[in-house]
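Listed below are the residues making up each chain.
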Amino acid sequence: MKLEEHGHAKARSRRKCRERILLYLVVIAVAIVFLFPLYIVVTSAFKPAIDMFSRPPSWVFKPTLKNFVDLFTLRRFHENLRNSVVVALGSTFISVGVGCFAAYALARLRFNWLKNVSFWILSIRMFPPISVVIPYYILMRNLGFLDTPLALITVYSTFNIPLAVWLMRGFFLEIPEDLEEAARVDGCGRLSAFFRISLPLSAPGLVVCAVFCFIFSWNEFLYAYILTSSNTMTATVAVMGFWTTEAIEWGRIMAGCMVVLLPIGVFVFASQRFLIKGLTLGSIR
Amino acid sequence: MNRARLSDVKMILLFLGPALAVLFFTTIYPLIYAAVLSFRQYNLAKPYIPRIFVGISHYVSLLSSGRFFNSLYVTFKLMALAISVELILGFALALLLTQKLRGMRVIRTLFMIPMMISPVVVGLIWLFFYYPGLGYLNYFLSFLNVGPLRWLGGPNVALYSIAIADIWQWTPFVMLGVAAGLHALPIEPFEAARIDGCSKLQTLFHVTIPLLKPVLISLFLLRSIDCFKLYDIVFVLTKGGPGTTTEVVSFYIYREGFTLWRMGYGAAASFIVLAVIVGFSTLFIRTLKAEAKR
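Residues numbered from 1 in each chain as written. Chains lettered and ligands numbered in written order. Predicted model: local features only at pLDDT ≥ 70, side-chain atom pairs only at ≥ 80, totals over all residues.

Helix and strand counts for chain B stand at 12 helices and zero strands. For 294 residues, the compact-globule formula gives about 19 Å, and the C-alpha radius of gyration of chain B, at 24 Å, lies well above that figure. Put simply, chain B has 294 residues, and 39% of those count as buried. (Helix = DSSP H or I, 4+ residues; strand = E, 2+ residues; numbered from the N terminus. Rg over C-alpha atoms; globule rule 2.2 N^0.38 Å. Buried ≥ 20, exposed ≤ 12 C-beta atoms within 10 Å, placed from the backbone.)

Counting its secondary structure elements, chain A contains 14 helices and zero strands. The N-to-C order of helical and strand elements in chain A reads α-α-α-α-α-α-α-α-α-α-α-α-α-α. For chain A, whose C-alpha radius of gyration is 25 Å, the value lies well above the compact-globule estimate of 19 Å for 285 residues. Seen through its C-alpha atoms, chain A measures out along the principal axes to roughly 80 × 70 × 30 Å. When burial is assessed residue by residue, chain A has 44% of its 285 residues classed as buried.

Once that is clear, we can look at the confidence of the model for chain B. Of the residues in chain B, 97% reach a pLDDT of 70 or more, and the chain-wide mean stands at 84. In the predicted assembly, ipTM is 0.85 and pTM is 0.86. (pLDDT = per-residue confidence, 0-100.)

So, on to the domain arrangement of chain A. All names here are of chain A. Structurally, chain A comprises domain 1 (2-67) and domain 2 (69-279). The gap between the C-alpha centroids of domain 1 and domain 2 is 35 Å. Across the contact, nine residues belong to domain 1 and 11 residues belong to domain 2. In terms of residues, the side of domain 1 that touches domain 2 owes the most to one element, helix α1 (residues 2-45), which gives four residues. Class assignment for the residues of the side of domain 1 that touches domain 2 results in six nonpolar, two polar and one charged. (Domains from an automatic or database assignment. Contact = placed C-beta atoms within 7 Å. Nonpolar A, V, L, I, M, F, W, Y, C, P; charged D, E, K, R; others polar.)

Taken residue by residue, the interface counts 72 residues in chain A and 70 residues in chain B. The class makeup of the residues in the side of chain A that touches chain B is 57 nonpolar, 12 polar and three charged.

A few words now on the packing of helix α8 (residues 188-195) of chain B against helix α9 (residues 200-227) of chain B. Residue and element names in this part refer to chain B. In contact at an axis separation of 11 Å, α8 and α9 are set at 170 degrees when each is read in the N-to-C sense. Put simply, α8 runs roughly antiparallel to α9. Together, P189, F190 and A193 of α8 and T203, V207 and L211 of α9 make up the contact between the two elements. When the residues that make up the contact of α8 with α9 are grouped by side-chain class, the tally is five nonpolar, one polar and no charged. (Axes fitted to C-alpha atoms, helices over the stretch in contact; angles between N-to-C directions. Parallel < 35°, antiparallel > 145°, perpendicular 65-115°, else oblique.)

Our next topic: the packing of helix α7 (residues 149-174) of chain A against helix α10 (residues 203-219) of chain A. The angle between the axes and the distance between the axes are what describe a pair of packed helices. Residues and elements named next belong to chain A. Look at α7 against α10: their axes get within 10 Å of each other, and the N-to-C directions meet at 155 degrees. Looking at the two axes, α7 sits roughly antiparallel to α10. The chirality of how α7 crosses α10 is right-handed. Where α7 abuts α10, its residues Y156, F159, N160, L163, A164, L167, M168 and F171 lie against G205, V208, C209, F212, C213, F216 and S217. Its residues assigned to classes, the contact of α7 with α10 comprises 12 nonpolar, three polar and no charged. (Left-handed = near helix turned anticlockwise from the far one by under 90°.)

With that settled, consider the environment of I12 of chain B. Tracing the backbone shows I12 of chain B in helix α1 (residues 2-37). When the C-alpha positions of I12 of chain B and V215 of chain B are compared, they lie 33 Å apart, and in sequence the two are 203 residues distant. Non-local contacts of I12 of chain B, meaning those with residues more than four positions away in its chain, are made with A105 and L109 of chain A together with G17 of chain B.

Structure, rendered in structure tokens:
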């Protein structure tokens, strides 16, 4: 009797083990298919031209840094990267700075019409950027902002402020109001309660918010393509530019893609916990 | 009480004021400008043409233009294709990747990378795969004795190629959303189902999916709104071609504005698109509001 039970348990655990292995195999297969494109970008960036399109593909090859060297010497890609960083930092600074104050007011004040203001701000985020590209282009042209970082900083702030407001509002709502009340009983004013209590407590939120704004600006293409030319061309536009009418410089494109990808990969690993919140505007936690 | 009121007003001015001022000048003003523009003849390439007032004639000709409706049709077709696959695949992946296995966290994190990548880079990656004569996809297909497919040049294939790139980028987003939703579900209904002797499939269809409905709806709406923003991938892969088979609505506007330089006409088209988006985003905001009430 006891022996039989033991046998059952053994069979069950064996079945469980088999299920586990099967599950692993499925997960690994899915991961291989799904991550294959990323693998190709990373390896192609280091491939010498001769291995790029060989058939059968050369899975094993002698890695070279030539693509990157070309990228930074012949194509002066660092200038594009610098433009990207300037634009992204500028718009992030404005968006988070302006956005966190607005978010605080929207989270703490209880007027009904303020709720509508929040949703109006949110709706700006949903505009397809293409729908205002024409007036923006003409405006920037008339202001003489075309091909300056200012044009892109303005545009990206427009799209980032709503995100910043909405995200920060969520973070502020999570901070219990009692903490501020306590500070105010102790004689703190509203302003100093904000600066001494709520803002420091929401520091992780600020960081997440800033990273999101930065990435959005870093990745953006449409406005960068239309509003800039040689002087302030950003990295994404520059990478596209390696595709000329004469040839597609695949080596440089792949190397450029990898450089553009790099900070994003780091960011994803560093802040995965907050990704979904940022991307769904807090509708899913 | 009176003092508190006063400080509320001050706070609104001080805290909310800057953001509202910036947003007003960067959204309302361009929109009004675009509205005015949409009633005018304005060709940037031909400055000698007077910018005359043309009334609603841009709108009339848009609404009778086959090409504009084609672009709307293409957008909706792409939406249906991409979003349905993303939802189903993302759901399945969420079920798979929330299993408790060692190393799953790393895999989940790796899966998140595509959706944070610049869409231009995604386009270039897939261009590399589709590229006629050289791409990897046709190479793999040759093992199955299929192809070579004209991924970007085939009028019946090109839109699917774009959809594949979009699916690759955004399925993880659905996956993450569903996984977060699954994580937040109460445990009791599942126990009840287990006690009632439901099979795994029955539990999935009668418990999990109904409970996740709000999450799925908001993911669907967010993806729909994003589909109208799709521009970069089309720009890289097909430029709207072959013919107009992949000319999504954002590309149509781009073409009107920046290859034909017909600013007024393009602005009118943007307004019609904006009206469609407002519909979707109103729905989304309504679900958000309902969520906030609960």
